[in-house]
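# What the coordinates show
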Amino acid sequence: MSELKLPKVTVRGVTTLAIVAALTGCQTLPDIQTKKPISTVDSNPLTARMPTIDRQGYIAYVEEQGLGAAKVSTLYSIRPDGSDRQLIDQLRGYIYAPAWSADGQLLAYSKQAAREHPKIYIYDRRSKTRNLVVNAEGSNMSASFSPDGQHLLYSSTVGGNADIYEMQLSDGKTRQLTTLPSTEVQPSYAADGKSFVYTSDKVRAGRPRIYRYNFATSSATPVPTSGYVASPQLSSDGQRMAYLNGRKAAVMTLTTGQVSNLAETGLDEPARLSPSGNYAVYPTRYSKISGQIGGKNGGDLVIHSLSGNTSYAINSQDGGVVRSPIWGR
C-alpha cells in the first residue's frame, strides 16, 4: 500500500493495531509561542473527511526529553493533520494530563517542578495566559472541566489519601466527593454533567476498576470491565468509553460491551476520543503505521478512525517521548 508523507506526518491505511501522579493571580505566558503556520486541516486528505468538529479542533499533548532531574516536559497543541503546532508551556520537570474545556478555549493540566508537588493550571487560548487554580499540598492531578465550564474535577492527596474533589471555578469553593480509604483518581465528566467516570482500587489494592459517580445520588457503580483498567473518558454522546485496558489503548462501546484494543503503546497510555467520538488518538513509542520505531528516544501520536479502521501517525516535534494527548474543539 502506498504512503502519503507530509512534513512531520507519515500515513498509511492499516487495520486496527494491537494512578495518582488556591486560586492565584493571572500570569501572562512568556513569549514561547512558535510561529503559527497556515493550517491545511480542511484540504489535507488525512482530515478532509473528518466531521468539522474534529478537523477544526486541537490536540494537546506532552513531549518529554531527558531523564530524571534532567527531564524537560513541553506542552503542545496541534491540529489533527499535524499542522499548526504551538508550544503552550515548558519546564524542567513533569507536565501531566492536559484536559480541554467543552468549548476548546481553556486547557487544564498539572505541572511538577523539582522538589515541588503537582499543581493544576488553566491556560486560556484567547489571552495566552495561565492561572494556578489548585495548589494544595499533595498531588493534584487529572483535571476535568464540567460541560458548562463552571466546575473542575480533579484528584488530590491533600487529605493524605487520593480522593476526588470538585472546584467551583468562579470562587475556588471546593468539595470532596470521595472519602474511601482506597485510591480514587482520574475523574472525567460525562457530557451531560450528571455523572463522571473515574478509577478506583477500592475492591482490591493495585487492581483498579472504573466507576461512574452519579451526582444526583452521590453514589458510584462499576462500569463492566475485566482485568486491569484505568483512565476512562466518555464520548460526547455517551456511547463509547476510551480507557487503558491492561497495557492497551482501548475503546469500549458501552451499550454492547464490545472492546476495541487499538494498540499496546509501550507507554501504558489510554486512548482519547475526538469531539465527535468517531476517532481516537493515543501515543506510542512503537509506531507500526509510519514504518518507524520510536524507540526510547521518540514516539508518535496515532489517530485512528473507529469506523473506517484506518490510522495515521504524527511524529513528535523533537524526537521526544509523546504522552497524554487530548482532542478538543
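The structure reproduced in this document is the subject of the present report. Keep in mind that what you see is a predicted model, and the values were worked out from it rather than measured. (Residues numbered from 1 in each chain as written. Predicted model: local features only at pLDDT ≥ 70, side-chain atom pairs only at ≥ 80, totals over all residues. Heavy atoms only, no water.)

### Topic: the overall build of the chain
Looking only at helices and strands, one finds one helix and 26 strands in the chain. Residue burial in the chain is summarised as follows: out of 329 residues, 52% are buried. Surface exposure of the chain reaches about 14,400 Å², of which carbon and sulfur atoms provide 48%. (Helix = DSSP H or I, 4+ residues; strand = E, 2+ residues; numbered from the N terminus. Buried < 20%, exposed > 50% of the residue type's maximum accessible area, 1.4 Å probe, protein only. Areas by Shrake-Rupley, 256 points an atom, 1.4 Å probe, with all protein chains shown as cover.)

### Observations regarding the sheet that holds strand 18 (residues 229–234)
Ordered by their spatial adjacency, four strands build an open sheet running 18-19-20-21, and the pairing between neighbours is antiparallel. Because the sheet does not close on itself, it has two edges, and the strands there are strand 18 and strand 21 (258–264). Taken pair by pair, the neighbouring strands of this sheet meet at an average axis angle of 25 degrees, ignoring direction. Relative to strand 20 (residues 248–253), strand 19 (residues 240–245) runs antiparallel, the two being bridged by six bridges. Bridging across to strand 20, Ala242 finds its partner in Val251. (Pairing = 2+ DSSP bridges. Axes fitted to C-alpha atoms, helices over the stretch in contact; angles between N-to-C directions.)

### Observations concerning unusual backbone geometry
Of note, Arg115 is a non-glycine position whose phi angle comes to about 60 degrees, a positive value. By the secondary structure assignment, Arg115 is in the loop between strand 7 (106–113) and strand 8 (119–124). On the basis of relative accessible area, Arg115 is assigned to the exposed category, the value being 85%. We note that Ser142 has phi near 55 degrees; this positive angle belongs to a residue other than glycine. On the secondary structure map, Ser142 appears in strand 10 (residues 140–145). Judged by its relative accessible area of 13%, Ser142 falls in the buried class.

### Quick notes on the pattern of salt bridges
Under the defined criterion, the tally for this structure stands at 10 salt bridges. Taken together, the shared-partner salt bridges in this structure form one network comprising Glu64, Lys71, Glu269 and Arg323. (Salt bridge = Lys/Arg side-chain N within 4 Å of Asp/Glu carboxyl O.)

### Observations regarding the packing of aromatic side chains
Counted by the stated rule, this structure contains 11 aromatic pairs. Centroid distance Tyr61 to Tyr76: 5.5 Å. Interplanar angle 25 degrees. Geometry classified as stacked. Here Tyr61 is found in strand 4 (residues 58–65), whereas its partner Tyr76 is found in strand 5 (residues 72–78), with 15 residues between them in sequence. Ring geometry for Tyr94 and Tyr96: centres 5.8 Å apart, planes at 0 degrees, overall stacked. By way of ring pairs, the aromatic residues Tyr189, Phe196, Tyr198, Tyr211, Tyr213 and Phe215 are connected into one cluster. When the ring centre of Tyr121 is taken as origin, the NZ or CZ atom of Lys111, which lies over that ring, is 4.8 Å away. (Phe/Tyr/Trp six-rings, centres within 6.5 Å; stacked < 30°, edge-to-face > 60°. Lys NZ or Arg CZ within 6 Å of the ring centre and 35° of its normal.)

### Some remarks on the sheet that holds strand 15 (residues 195–200)
Strand pairing within a sheet occurs via backbone hydrogen bonds; the two strands may be parallel or antiparallel. Strand order across the open sheet formed by four strands is 14-15-16-17, with antiparallel pairing between neighbours. Because the sheet does not close on itself, it has two edges, and the strands there are strand 14 (184–189) and strand 17 (219–222). Pairs of neighbouring strands in the sheet enclose a mean axial angle of 30 degrees, with direction left out of account.

### Thoughts on the environment of Ala205
Note that Ala205 resides in the loop between strand 15 and strand 16 (209–214). Ala205 sits 23 residues away from Ser182 along the chain, and the two C-alpha atoms are 7.4 Å apart.

### Notes on the environment of Val229
Relative to the helices and strands, Val229 is located in strand 18. In this structure, the C-alpha to C-alpha distance between Val229 and Asn245, residues 16 residues apart in sequence, is 4.8 Å. With residues up to four places along the chain from it excluded, the contact list for Val229 reads Thr199, Pro208, Arg209, Ile210, Tyr243, Leu244 and Asn245. (Contact = heavy atoms within 4.5 Å.)

### Thoughts on the environment of Gln317
Relative to the helices and strands, Gln317 resides in the loop between strand 25 (311–315) and strand 26 (321–328). Polar contacts involving the side chain of Gln317 include one to the side chain of Arg85, which spans 2.9 Å. (Polar contact = N/O pair within 3.5 Å; in protein donor to acceptor, adjacent residues only side chain to side chain.)

### Examining the nonpolar core
In terms of nonpolar packing, the biggest core is built from 15 residues, with Ile59, Leu301, Ile303 and Trp327 touching the most fellow members. Grouped together as the second largest cluster of nonpolar side chains are 14 residues, Val62, Ile95, Tyr123 and Ile326 included. (Core = buried A, V, L, I, M, F, W, Y, C linked by side-chain atoms within 4.5 Å.)

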